[in-house]
Amino acid sequence: MTRNPGTDLRLDWFDGIRINTPAAERRAATLPARRSLKKDHQAAWLLNAIRCIDLTTLAGDDTPDRVARLCAKARQPVAPDLLAALGVTGLTTGAVCVYPTMVAAAKRALGNSGVPVASVATGFPAGLMPLDLRLAEIRYAVDQGADEIDIVITRAHVLRADWTALYDELRAMREASGAAKMKAILATGDLKSLENVAKASHVAMQAGADWIKTSTGKEGVNATLPVSLVMCRAIRDYRARTGHAVGFKPAGGLRTAKDALNWQVLMAEELGRDWLAPDLFRIGASSLLGDIERQISHHVTGRYAGAHRQAIA
């Protein structure tokens, strides 16, 4: 993945954006029926979803032991006998996502597996901390070994249409992230309109975000297909203008194998095959993996495995 260097703030690229909300909702509603994925094809798409998951624990009672267990699941997300039956080896999740204080524990547990560690930062999930403290949290996570940083924006900048303030904030966060790739969480459920989502997406990419992400998972409304459609089209427009590909990460509310298929269809339909790989597509999830493994078990054995047969994350 080539880093997105960003651009100067270009208001003219998005100031005239108008979103036809009913049309976006209709287009999103057609996506689940766009491709018929059955049997081996469905299993292949589900395996691909696994390699794009940011396996996440962001609980107040996280411990190094819990994180180590999560990392073990990230390294071996599906039972070896099921993978052997499918002829698949070396499958891992796309990353493990934890709080900054758990980054060192995750790095130890993942060892030389090649699975990146992502850390939320900047006063996650609300982001209502002084900017210098948010930047310090990014630097702390990077010092602990984080490979990727998931930052949250100040929603008030979007609601006031103060695009310069939003750009300056994001640019400072990008600089503080250093070599770690940056995902900009827009908290779309708090942004009130699809036009705000589109404009915030453009500002985040212009400021140098390597991925744009829908949600923290803590809002009242998290990832939805209409919001994701708008963000994907902003990514497409940014690439057409700059030549730089920016990744996309839906998070919050994706719990079933069907969700994993629907969002991959969105990627294929709106952005193309390049966005079906973990360099450009991630799914933020904690419980999704369990349902995917259950469906793969059914595909291989013809029956659904009992919960006790699936290692918990």
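For the structure itself, consult the block above.
Residue positions are given per chain, counted from 1 along the sequence in the order it is written. Only residues with pLDDT of at least 70 are given local features in this predicted model, and only at 80 or more are side-chain atom pairs given and counted; all residues enter the totals for whole chains, interfaces and linings. No hydrogens and no water enter the side-chain calculation; it runs on all heavy atoms of the structure.

## As for the packing of aromatic side chains
So, step 1. When two rings of Phe, Tyr or Trp (its six-membered ring) have centres within 6.5 Å they constitute a pair, described as stacked for plane angles under 30 degrees, edge-to-face for angles over 60, and tilted for the intermediate range. What the rule picks out here adds up to three aromatic pairs.
So, step 2. Relative to Tyr-238, the ring of Trp-13 lies with its centre 6.5 Å away and its plane at 65°, an arrangement referred to as edge-to-face. Here Trp-13 is found in the segment before helix H1 (21-30), whereas its partner Tyr-238 is found in helix H10 (residues 225-242), with 225 residues between them in sequence.
So, step 3. With 5.8 Å between their ring centres and 85° between their planes, Phe-14 and Trp-163 make a pair best called edge-to-face. Of this pair, Phe-14 sits in the segment before H1 while Trp-163 sits in helix H8 (residues 163-177), and the two are 149 residues apart along the sequence. We note that Phe-14, like Trp-163, is buried.
So, step 4. Either the NZ atom of lysine or the CZ atom of arginine qualifies as a charge over a ring when it sits within 6 Å of the ring centre and within 35 degrees of the ring normal. Lying over the aromatic face of Tyr-304, Arg-294 brings its terminal NZ or CZ to 4.2 Å of the ring centre. Each helix corresponds to a stretch of at least 4 residues labelled H or I by DSSP, and each strand to a stretch of at least 2 residues labelled E; elements are numbered beginning at the N terminus. In this scheme, a residue with accessible area under 20% of its type's maximum is buried, one over 50% is exposed, and one in between is partly exposed, where area comes from a 1.4 Å probe on protein chains only.

## Structural notes on helix H6 (residues 131-143)
So, step 1. The terminal C-alpha atoms of H6 lie 18 Å apart, and with 13 residues this matches the ideal 18 Å at 1.5 Å per residue to within 8%.
So, step 2. Those residues of H6 that fall on the buried side of the exposure criterion are Arg-134, Leu-135, Ile-138 and Ala-141. Around the axis of H6, the buried residues are gathered within 120° of arc, so they sit on the same side. Relative to its buried face, H6 has exposed residues pointing more than 90 degrees away, namely Asp-132 and Asp-143. Take the number of residues in a helix, subtract one, and multiply by 1.5 Å to get its expected span. The arc in question is traced by the directions running from the helix axis to the C-beta atoms.

## Comments concerning the packing of helix H2 (residues 39-50) against helix H11 (residues 257-270)
So, step 1. Remark: H2 packs on H11, axes separated minimally by 10 Å, with the N-to-C direction vectors making an angle of 85°. As summarised for this structure, H2 and H11 are arranged roughly perpendicular, according to the angle between their axes. Where H2 approaches H11, its residues Gln-42, Trp-45, Leu-46, Asn-48 and Ala-49 are matched on the opposing element by Ala-257, Ala-260, Leu-261, Gln-264, Val-265 and Ala-268.
So, step 2. A per-class count over the contact of H2 with H11 returns eight nonpolar, three polar and no charged. Axes, fitted as lines to C-alpha atoms, cover a helix only where it is in contact. Angles between the N-to-C directions of the axes lie from 0 to 180 degrees. In these notes the angle categories are as follows: under 35 degrees is roughly parallel, over 145 is roughly antiparallel, 65 to 115 is roughly perpendicular, and the rest is oblique. Residues are treated as being in contact if the distance between any of their heavy atoms lies within 4.5 Å. Residue type decides the class: Asp, Glu, Lys and Arg count as charged, Ala, Val, Leu, Ile, Met, Phe, Trp, Tyr, Cys and Pro as nonpolar, and the leftover types, Gly among them, as polar.

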